[in-house]
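Inside the fold
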Amino acid sequence: MAETTIEKAKAVLNAAQQVIILSHERPDGDAIGSLLALTLSLERAGKNVTPVLLEGVPSRFRFLPGADKVTSKIPSNGDLLILVDAADLQRTGFPVETLPRQPDINIDHHPTNTDYADINIVNHKASATTEILFDVIPQFGLEIDTYVATNLMTGLITDTIGFRTDSVTPRTLEIASELISLGAPMAEIYARVLNQRNFVSVQYWGKGLNRLEKENGILWTSLTIEDRKAVGYPGSDDADLVNLLATIEGIQVVMIFIEQIGGKVKVSWRSRPGVDVAAIAFSFGGGGHEQAAGATIEGDMQEVQERVLTATRGIISPSPEESA
Ligand code: 5GP
Ligand code: MN
């Protein structure tokens, strides 16, 4: 990252008193970890910070330091608006015209980031947005204490699915090591955010598992509003089912279609290295990484499935044993 970009960000942060920080809808551990790490480090420096998430903090992340500070309402004014882990302006889930000001700072690691802020701190090579924050928080003159370290570690663990993705570099592991030294409880975070499942989530998975379909290296399923009602699942996401499906061998692309209120379907793609699903998600108005991407598409379940399946078939080469 160019020195001047960091210096500029540091200067606007120093000058600001009321800071608003946003991340993306259906937040994952990197969205929440980034949001809370930056919030707590700025608060320690005497800033008044409001961290905002459209749907608040999902229960599994509520143990994180600072989680109780998150609100789902954007303050009507602030000196500074920062977005973390959000590839584009639509990602917060709030209508863009309701944002209190143009974003001042954008800190992210998605290759599909649109550089929408005045100051864009974007590194596609970072395994998580918290990996970028580990470097820039001290460069901003802010401190990484145990609470900040815990949030940073959460982003690393969730975005790399426990240090298992291609995006993990020696630097990722060095940072994890330093975060442990700073007091981040790695085993506890790992257990809470990756290993532990609640009963209702697994019942919800059951609905999707019953509808699994497979064709020429593509595997997909759907989850409906009715499924969530039936089991009492409180979120509007897939309870991470897509990552379970991605462990099935011999598959090139996994997709999950999650019905949303208002006639929309959230689609998540996961792929084997060499199959770029970010480009296809981008073509549907979404984005993400080569091996993990998503989009929210208008239309009913059947129509969206047909469109997305047709487009996805076009990017894979059927393997002989799969098409047999
Ligand atoms: P997931 O499918 O688990 O929601 O997300 C996979 C990756 O794609 C994440 O990096 C996430 O930020 C990104 N992603 C998911 N949905 C969208 C979307 O609607 N727009 C953009 N730009 N990125 C998305
Ligand atoms: Mn991320």
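The model shown is predicted, which means the values in this text are computed figures rather than measured ones. (Residues numbered from 1 in each chain as written. Chains lettered and ligands numbered in written order. Predicted model: local features only at pLDDT ≥ 70, side-chain atom pairs only at ≥ 80, totals over all residues. Heavy atoms only, no water.)

**Structural notes on the packing of helix 3 (residues 129–139) against helix 5 (residues 170–181)**
For the pair helix 3 and helix 5, the least separation of the axes is 11 Å and the interaxial angle reads 65°. In terms of crossing hand, the pair formed by helix 3 and helix 5 is left-handed. Contact with helix 3, carried on its side by Glu131, Phe134 and Asp135, involves Arg171, Thr172, Ile175, Glu178 and Leu179 of helix 5 and no other residues of that element. Of the residues in the contact of helix 3 with helix 5, the class split is three nonpolar, one polar and four charged. (Axes fitted to C-alpha atoms, helices over the stretch in contact; angles between N-to-C directions. Helix = DSSP H or I, 4+ residues; strand = E, 2+ residues; numbered from the N terminus. Left-handed = near helix turned anticlockwise from the far one by under 90°. Contact = heavy atoms within 4.5 Å. Nonpolar A, V, L, I, M, F, W, Y, C, P; charged D, E, K, R; others polar.)

**Describing the coordination of the manganese ion (ligand 2)**
Protein coordination at the manganese ion (ligand 2): the donors are Asp30 (OD), Asp85 (OD), His109 (NE2) and Asp159 (OD), at 2.2 to 2.4 Å from the metal. Between the donor residues of the manganese ion (ligand 2), the gaps in sequence give the motif D-x54-D-x23-H-x49-D. Taken together, the positions of aspartate 85 in the loop between strand 3 (80–84) and strand 4 (105–108) and aspartate 159 in helix 4 (residues 146–159) put the pair 74 residues apart, joining distant regions of the chain. A residue is classified by how much of its surface remains accessible, and aspartate 85, at 1% relative accessible area, is buried. (Donors = N, O, S within 2.8 Å, 3.2 Å for Na, K, Ca; no water. Buried < 20%, exposed > 50% of the residue type's maximum accessible area, 1.4 Å probe, protein only.)

**Some thoughts on the site of ligand 1**
Neighbouring ligand 1 are 16 residues, the closest being Arg91, His110, Lys266, Ser268 and Arg270. Contact distances for ligand 1 include 3.5 Å between an oxygen atom and a backbone N or O atom of alanine 293. In isolation ligand 1 offers 490 Å² of accessible surface; the protein chains occlude 85% of this area. Where the shell around ligand 1 is concerned, the elements lending two or more residues are strand 9 (264–271), strand 10 (287–289) and strand 11 (292–298). (Near = heavy atom within 4 Å. Polar contact = N/O pair within 3.5 Å; in protein donor to acceptor, adjacent residues only side chain to side chain. Areas by Shrake-Rupley, 256 points an atom, 1.4 Å probe, with all protein chains shown as cover.)

**A short note on the packing of aromatic side chains**
Counting across every chain of the model gives two aromatic pairs. The lysine or arginine in question, arginine 192, covers the ring of phenylalanine 63, its NZ or CZ lying 4.6 Å from the ring centre. (Phe/Tyr/Trp six-rings, centres within 6.5 Å; stacked < 30°, edge-to-face > 60°. Lys NZ or Arg CZ within 6 Å of the ring centre and 35° of its normal.)

**What to know about the nonpolar core**
When a protein is soluble and globular, its nonpolar side chains tend to lie buried together. The biggest cluster of nonpolar side chains holds 50 residues, and the ones touching the most others in it are Ile82, Ile107 and Ile121. Per element, the largest residue contribution to this core is seven residues, and it comes from helix 2 (residues 29–44). Residues within four places of isoleucine 121 in sequence aside, it is in contact with Met1, Thr5, Ile6, Ala9, Ile105, Asn106, Ile107, Asp108, Ile132, Val136 and Phe140. Listed in part, the 21 residues of the second largest apolar core include Trp220, Ala281, Phe284 and Ala295. (Core = buried A, V, L, I, M, F, W, Y, C linked by side-chain atoms within 4.5 Å.)

**Regarding the pairing of strand 5 (residues 119–122)**
Here strand 5 shows a buried face lined by Ile119 and Ile121 and a second buried face lined by Asn120 and Val122. Two strands pair when backbone bridges link them, and strand 4 and strand 5 are joined in this way by four bridges, in the parallel orientation. Its bridge partner lying in strand 5, aspartate 108 is registered against valine 122. (Pairing = 2+ DSSP bridges.)

**Concerning the domain arrangement of the protein chain**
For an interface, size is often stated in terms of accessible area lost upon the parts coming together. For the protein chain, the domain assignment lists domain 1 (3–194) and domain 2 (199–323). If you average the C-alpha positions of domain 1 and of domain 2, the two centres end up 26 Å apart. Contacts between the two partners involve nine residues from domain 1 and, on the opposite side, 13 residues from domain 2. Taken together, both faces of the contact between domain 1 and domain 2 bury some 910 Å²; the carbon and sulfur share is 50%. Across the contact surface, domain 1 and domain 2 share zero salt bridges. (Domains from an automatic or database assignment. Buried area = accessible area lost by both parts, 1.4 Å probe. Salt bridge = Lys/Arg side-chain N within 4 Å of Asp/Glu carboxyl O.)

**Some words on the packing of helix 4 against helix 6 (residues 186–195)**
Look at helix 4 against helix 6: their axes get within 10 Å of each other, and the N-to-C directions meet at 50°. Viewed along their axes, helix 4 and helix 6 adopt a mutual orientation that is oblique. Crossing of helix 4 against helix 6: the hand is right-handed. In contact with Thr150, Met153, Thr154, Ile157 and Thr158 of helix 4, helix 6 contributes Met186, Ile189, Tyr190, Val193 and Leu194. Per-class residue counts for the contact of helix 4 with helix 6 are seven nonpolar, three polar and no charged. (Parallel < 35°, antiparallel > 145°, perpendicular 65-115°, else oblique.)

**Details of the sheet that holds strand 9**
With mixed pairing, the six strands of this open sheet are ordered in space as 6-7-8-9-11-10. Sheet topology places strand 6 (213–215) and strand 10 at the edges, where each strand pairs with a single neighbour. Shown here is a sheet whose adjacent strand axes are inclined to one another by a mean of 20°, direction ignored. Pairing analysis gives six bridges linking strand 7 (residues 218–223) to strand 8 (residues 253–260), with the strands arranged parallel.

**A look at the side chain of aspartate 85**
As a buried residue without a salt bridge, aspartate 85 has its nearest oppositely charged side chain in arginine 91, at a separation of 6.3 Å. Of the polar contacts made by the side chain of aspartate 85, one reaches the backbone nitrogen of alanine 31; its length is 3.4 Å. Reaching out from aspartate 85, the side chain makes a polar contact with the side chain of threonine 129 at a distance of 2.9 Å. Apart from the residues lying within four places of it in its own chain, the contact partners of aspartate 85 are Ser23, His24, Asp28, Asp30, Ala31, Ile107, Asp108, His109, His110 and Thr129. (Lys, Arg positive; Asp, Glu negative; His and termini not counted.)

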